[in-house]
Every structure is written in structure tokens, then in C-alpha cells.
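Commentary on secondary and tertiary structure
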Amino acid sequence: MQIVVIGAGAAGMVAAAEAAKRSANVILLEKNTKTGVKILMSGGTRCNVTHNTDARGILPGFGHAARFLQPTIGAFPPSEVVRMFADLGVATKVENTGKVFPQSDRAIEVRDALQRQAVEAGVQIIREQAVKRLIRDPQGWRIETDEQSYAADRVIVTAGGRSWPGCGTTGDGYGWLEPLGHTIVATRPALVPLTGGFEWTKALSGITLEDCVVTAENQTSEAKKSKQTMTRRSSWLFTHFGFSGPAAMDISRIVTLTENLSRVRVHLDMVPDVSAEQIEATLCDTAGGAGRRRLSSVLNQWVPSRLATSLATELCADPTIAELSKGGRRSILAGIKKLELPITGTRGFNKAEVTAGGVALSEVNSRTMESKIAKGLYIAGEVLDVDGWIGGYNFQAAFSTGRAAGIAAATAE
């Protein structure tokens, strides 16, 4: 059994190793000079390999793809990913956000472990092989690069999406799979920083809200039934171009659903553990000398100083509490608990961690990752129409789908 795996990323290296362990002859083709380039860059070069939960806990993070991923993540859940790395000599740790990292905080250990696993299983890794064509013929498959042609009984495509194109993920796989009959759901950036905000929010660049709730709403058409919403609780970073941080990047999936950004509404609750009633009571307290306090100093008990000053100044000209009008209190309450932020776009694929869209899931067997259109073709990882929340979700999907594809390709009759 000759199997060619295209793309030596997280999904590809796991798929190749699993196939080779089952006695298949496996060639792993990689267009770059080294394997796992996105692994090396991910998580600030620390590589967040999965999330500290079970299969049931991780699936909601994939939205429409949750049902599709249920069989593969159920068979290879986060605990098994942690076990795989432990067996490969990579100890992991869980941070208070639930993110699972290598104990060393070194992504290269993750990449090296996956590469070593593949090589020790007997995989032949050939670098600098950019695939140009994937051809089905009567004998099986032919994979053509600029330099060579490879024959295979089965092919596993794990070529990634379009995010971080500097890593070599430039959407090549779509061009091979569409001519074979696969539908490519329109791709868009996901887990990507947002552009927008006001001049005063841009001036807050570098300030982080460690715990906030952001709600994004996108009315994708005039029909209300087409409205999509997402609420995430995490950290939020103000930047010179707009917003970043986990909460902003998670909701980018909703923002990019339409080019008509007038239909997008993003609201920020800066203090989710403080009720509007508590805030109002504090703003109404003028007993003793409390009324002489500046609004900005009162807000500083809940939000960072620079943000408190900007909110007080922009919304109410920073009066004392005694001078604060009823209308001013309403403005401040709305500003802290439901600040509407204008969004003008995203930083695009160059800054996106993953790709939304890709090969239509209805055309792929959810247990084996085999194409329903072309027998002997398996598709796994980011090239599929799968994207999850920040926090190790997308590597989990890559490992689980890659493993399923490798096993099925090597054992199917």
C-alpha cells in the first residue's frame, strides 16, 4: 500500500505516522524547507496543542462543524493528545485559561516530536516539493510537483488553508480538490484581529481587559432568521488599528460572514462580574465627600486608569460624581456594560491564525475523512471547512482528523 500525504503540518505528520504504523509505505510531501512551520509560530512560538476539556467540552467551539468532528474528536480527544505527547517525551501543562502548552513553552519540541514519530514509523519526508496537480487515474493517484511525479494507491491532503501565507499555507489544496468535484466553501480569515473602533480607543493601544464579555451580531441578510451571534468571555486588547486578544479573535468568525459591515454589531461588557445596578449605585453615591470624586477616579476601580479617563472624558467630559447628570449616568453605564464598537474589517489572512471555509463537510466521511466523491482520497485538517475558538481547538481538530485519515487510508479494503 503506497500512501502519499501532502502537507507536513500538524494533521499531515500525525496522518503519515498513523498510516506508516499500519505497514503502509508512506511519503510525506512538504513545500517548505522544514516541516510544521505553523506549529513553530503558533501560540507565540509556544504552541497551544489542545484545551483542557473532554470531547463534549471542546466540540461547541467549532460551531457548524461540531457534529462532523464528533466521531474523530470522540476517538481522539484532548486527553489522548496529551497522552500522545507524553509518550513522545513532551510534557505538557495546563494554564488557568485551560490552554495546554508544552511544559518547556517551546513549539519546536512539539514539531520535533511529531516529525520524529513519523520518521521512526518509517515515513519518508520529502521537503521542497510544492504539489501542482493531483490526478486520479485507473491505477490510483498521481501527484505532480515541479520536479517529480509520485504514484499512490491513496492520497491524504493536509495542505492547510490560507491563514499565515508566509508559512506556505496559500490555499493550494483547494485548487487540486475542486477539479475532482469537491465544493469549496468560500474562505475567510478566522481568529484574526479586528480593525475599527474610535480614535480614543485606538489611543488606548496596549491596554488589556483581562476578563470581559464581547457579543458580536451579524445579520447576514435582511431576514432576521439569518442573524448570527456569538458571545465570548476572555481578554480583550486595544490596539492602534482596532482590537485583538482572544475575545476579539474568536468573534472574528462572525464579523467576516458578510462584507456589509453595517450589519455587524459588537458590544463590550468590560466588567461582567459587576452589575449595572452596582455601578449605578456607586455613581449615585454623593454622601460625605463622595460627590467630589472625579468620574474617572471612580471608574478606575473597575477598569485600567487610562481607559477610565478616556471613558469619563469622551462620554461625559469627566465631571465630579455630584455633577454627573442622569443622562451622563446612562451613558457611562452603557459605555462600561455595553459599549458598541464600530468594526471596519480584519487584518486579513496575513494575520489570521486559521481559515474559515474550505472543503464542504457534506462531501467527506466524518469517521474516516475519505472523500465521498473520489475513492482513495482523504482530506484532513484546516483544508476542511472547520475552524474553532482560540485555545488549542484548531490543533485538536488537526490531530483528530489527521489520525482518522491515516488509520483509514492504511486499513481500508
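Conventions used here
- Residues numbered from 1 in each chain as written.
- Predicted model: local features only at pLDDT ≥ 70, side-chain atom pairs only at ≥ 80, totals over all residues.
- Heavy atoms only, no water.
- Domains from an automatic or database assignment.
- Contact = heavy atoms within 4.5 Å.
- Buried area = accessible area lost by both parts, 1.4 Å probe.
- Salt bridge = Lys/Arg side-chain N within 4 Å of Asp/Glu carboxyl O.
- Polar contact = N/O pair within 3.5 Å; in protein donor to acceptor, adjacent residues only side chain to side chain.
- Core = buried A, V, L, I, M, F, W, Y, C linked by side-chain atoms within 4.5 Å.
- Buried < 20%, exposed > 50% of the residue type's maximum accessible area, 1.4 Å probe, protein only.
- Helix = DSSP H or I, 4+ residues; strand = E, 2+ residues; numbered from the N terminus.
- Arc of directions from axis to C-beta.

1. Here's the deal with the domain arrangement of the protein chain
Segmentation of the protein chain into domains returns domain 1 (2–188 + 354–411) and domain 2 (193–347). Centre-to-centre separation of domain 1 and domain 2, based on C-alpha positions: 38 Å. Contact residues are listed per partner, giving nine residues for domain 1 and eight residues for domain 2. The contact between domain 1 and domain 2 buries some 720 Å² in all, and 50% of this surface belongs to carbon and sulfur atoms. The interface formed by domain 1 and domain 2 holds one salt bridge in total. Scanning the region where domain 1 abuts domain 2 turns up five residue pairs in polar contact (both at pLDDT 80 or more).

2. Focus: the nonpolar core
Of all hydrophobic cores here, the largest spans 126 residues; its most connected members are Leu114, Leu134, Ile143, Trp236, Leu268, Leu377 and Phe399. With 10 residues, helix H14 (residues 393–411) is the single largest residue contributor to this core. Built from parts of two domains, this core gets at least three residues from each of domain 1 (2–188 + 354–411) and domain 2 (193–347). By size, the runner-up hydrophobic cluster in this structure holds six residues, among which are Leu191, Met249, Ala356 and Ile390.

3. Here's the deal with the pattern of salt bridges
Two side chains carrying opposite charge are able to pair once their charged atoms lie near each other. Counted according to the given criterion, the structure contains 21 salt bridges. Of the charged contacts, one joins Arg111 and Asp112 as a salt bridge, the two residues approaching to 2.9 Å between their closest N and O atoms. Exposure remark for Asp112: the relative accessible area of 30% places this residue in the partly exposed category. Among the ionic pairs, Lys337 bridges to Asp269, the shortest N-O distance being 3.0 Å. With Lys337 in helix H13 (residues 326–337) and Asp269 in strand E16 (residues 264–269), this residue pair connects regions lying 68 residues apart in the sequence. One continuous salt-bridge network, built from bridges that share partners, spans Arg46, Lys93, Glu95 and Asp105.

4. A word on helix H5 (residues 78–87)
Since there are 3.6 residues in each turn of an α-helix, residues three or four apart along the chain are aligned in direction. Buried within H5 are the following residues: Pro78, Val81, Met84 and Phe85. With its buried residues spanning 115 degrees around the axis, H5 presents them on a single face. If you follow the buried residues of H5, they end up packed against helix H1 (10–21), strand E3 (50–51), helix H3 (55–58), strand E4 (92–94), helix H6 (107–121) and H14. In the stretch just after H5, Gly89 is the one whose phi turns positive, near 90 degrees.

5. Focus: the side chain of Glu18
Tracing the chain through its elements places Glu18 in helix H1. Residue Glu18 is classed as buried on the basis of its relative accessible area, which comes to 9%. Setting aside residues no more than four positions away along its own chain, Glu18 makes contact with Arg403, Gly406 and Ile407.

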